[in-house]
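Structural overview for review
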Amino acid sequence: MASPDPQRLSLNTATVRERWNLAQTIEGCARHGIRGISPWRDKLDELGAAQAARRIRAAGLTVTGLCRGGMFPARTAAGRRAAIADNRKAIEDAATIGAKCLVLVVGGLPQGSRDLAGAREQVKEGIAAILPHARQCGVPLAIEPLHPMYAADRACVNTLSQALDLCDALDPGKTGALGVAVDVYHVWWDPQLQAQIRRAGRKRILAYHICDWLVPTTDLLLDRGMMGDGVIDLKRIRGWVEGAGYRGFHEVEIFSARNWWRRDPDEVLATLKARHRRRS
Ligand code: ZN
C-alpha cells in the first residue's frame, strides 16, 4: 500500500519526554518538519496552557490530542468528584491549546477493590458527567482502550468494542463529541480489531497512535518499540483505519526507558520520520 502522508505525522511528547521539555519538543517538531504534536499534561504545565498554545501556534503545529483525562474510578464519592474536577480542567486546557481531542485513559480498579464491573460503571458515569462540559468547550473526548494487562491500574476499558459501546450509550447521535483513540500498542492483538474499526468509522475515530510491540516485551509500561522493530502489522491496521474514513494524524507514542528515551531526541525524530514513511 502507499506510504503514509508525512504531513500527517504527529509526535506525542511521551516519546522524548526524558530529554526535552515542551518548548524544546515544539522546536524539534518544527526543525524536523513534523506537523503535529500531542502533549501530556505534565509537559503542558511547564509552560502553562496559554503560553504553550502561543508557541505551538507560532510553530504552525496541529495539536492532535491532549494526554490525558480519565482515571474516573475511586473508592469514595469525594475521590470521584475530584476526578471529575480534574477532567474539567483538562478539557479547558485542551480547548486553550486547540487540541483535536482529550484522550481518556479511564482508570482501573479503585484501591482494594475487586469489582471490575463496578469500576466500569464508574467510568461510564464519569464520562457522562464531563461530556456536557466537553461539548461546551468544543473538545471531543477520545476513549483510549488499553491492553488488558493494564485493567487493574490504568484502564478497565480494554477493547475497541467496549469503548464503542460506551460511545453508543453516551452519544447515540454520533455527534462527534465522543469517540475513540486507536492505539495499535493496545489493540493490535484483538481478533475483532478490523470489524470494530469499521464500526467506529470516521465519526468515532478521533486519534490514531502508533509504535510497535517488541518480542519479548521486558516492561509492561516502558518498553514500546519503534515502528518496524516489532510484530504489529502497521500497514494493515492503517489500511483499516483509513478504510473507515479516518484522515487525521498518525501520532507516534513510544515509552521506551531502555532505548529511545536514552537517545538524542534529534536522532529519535529523524528515525521515527523515516519509519513512519517506510514501515507504518
Ligand atoms: Zn496512546
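The structure we're discussing is the one just above.
So, a few notes on the structure that sits alongside this text. (Residues numbered from 1 in each chain as written. Predicted model: local features only at pLDDT ≥ 70, side-chain atom pairs only at ≥ 80, totals over all residues. Heavy atoms only, no water.)

Focus on the pattern of salt bridges
Proximity of charged atoms lets side chains of opposite charge pair with each other. In the structure shown here, the tally under the stated rule is 18 salt bridges. In this structure, the salt-bridge partner of R224 is D183, at a minimum N-O distance of 3.3 Å. Here D183 lies in strand β7 (residues 178–183) and R224 lies in the loop between β8 (205–210) and α9 (234–243), a separation of 41 residues in the sequence. For the pair shown, R224 and D183 are each scored as buried. Residue E253 pairs with R224 through a salt bridge whose shortest N-O separation is 3.6 Å. Here E253 is found in the loop between β9 (250–252) and α10 (265–279), whereas its partner R224 is found in the loop between β8 and α9, with 29 residues between them in sequence. When salt bridges that share partners are traced, they join R135, D165, D168, D171, R199 and R204 into one network. (Salt bridge = Lys/Arg side-chain N within 4 Å of Asp/Glu carboxyl O. Helix = DSSP H or I, 4+ residues; strand = E, 2+ residues; numbered from the N terminus. Buried < 20%, exposed > 50% of the residue type's maximum accessible area, 1.4 Å probe, protein only.)

Topic: the nonpolar core
General note: in soluble globular proteins, nonpolar side chains tend to be found buried as a group. Core analysis: the biggest nonpolar cluster contains 77 residues, and I127, L141, I143 and L272 have the highest contact counts within it. Every residue in contact with L272, bar those within four places of it in the chain, is listed here: L9, L11, T15, I34, M226, M227 and V252. (Core = buried A, V, L, I, M, F, W, Y, C linked by side-chain atoms within 4.5 Å. Contact = heavy atoms within 4.5 Å.)

Points about the sheet that holds β7
Two orientations exist for strands paired in a sheet by backbone hydrogen bonds: parallel and antiparallel. Read from one edge of the open sheet, nine strands run β3-β2-β1-β9-β8-β7-β6-β5-β4, paired in parallel fashion. Each having just a single partner strand, β3 (62–63) and β4 (66–70) make up the two edges of the open sheet. Sheet topology note: the strand β6 (residues 141–143)/β7 ladder contains three bridges and is parallel. When the bridges of β7 are listed, A142 appears paired with G179. With respect to the sheet, α9 is in contact with β8 and β9, its orientation differing from that of β8 by roughly 170 degrees. (Pairing = 2+ DSSP bridges. Axes fitted to C-alpha atoms, helices over the stretch in contact; angles between N-to-C directions.)

Here we look at the packing of aromatic side chains
Two descriptors summarise a pair of aromatic rings, namely the distance from one centre to the other and the angle between the planes of the rings. Overall, the coordinates contain five aromatic pairs when judged by the stated rule. Look at W188 and W213: their rings are 5.7 Å apart centre to centre, the planes differ by 45 degrees, and that puts the pair in the tilted class. Linking W188 in the loop between α7 (184–187) and α8 (193–204) with W213 in the loop between β8 and α9, this pair joins segments that are 25 residues apart in sequence. When its relative accessible area of 14% is taken as the criterion, W213 is described as buried. Here the aromatic cluster, defined as three or more aromatic residues joined through ring pairs, consists of W40, F255 and W261. Positioned above the aromatic ring of W260 is the side chain of R263, whose terminal nitrogen or guanidinium carbon lies 4.1 Å from the ring centre. (Phe/Tyr/Trp six-rings, centres within 6.5 Å; stacked < 30°, edge-to-face > 60°. Lys NZ or Arg CZ within 6 Å of the ring centre and 35° of its normal.)

Some remarks on the pairing of β7
Extensive coverage of β7 is indicated by the burial of six of its six residues. Handedness of the β-α-β unit built from β6, helix α6 (residues 160–170) and β7 comes out right-handed. The sheet contact formed by β7 and β8 spans four bridges and is parallel. In the sheet register, A181 faces β8, and the bridge partner there is A207. (Right-handed = clockwise from strand over helix to strand, strands pointing away.)

Focus on the side chain of S38
Structurally, S38 can be placed in strand β2 (residues 36–38). Within the local environment of S38, its side chain forms a polar contact with the side chain of E251, the two groups lying 3.0 Å apart. (Polar contact = N/O pair within 3.5 Å; in protein donor to acceptor, adjacent residues only side chain to side chain.)

Here's the deal with the pairing of strand β5 (residues 102–105)
Where burial is concerned, the two faces of β5 agree: the one with L102 and L104 and the one with V103 and V105 are both buried. With four bridges connecting them, β4 and β5 associate as parallel partners. Along β5, the bridge assignment pairs G69 with L104. The parallel pair β4 and β5 is bridged by helix α4 (residues 77–96), and the resulting crossover is right-handed. As judged from the three bridges shared by β5 and β6, these two strands associate in the parallel manner.

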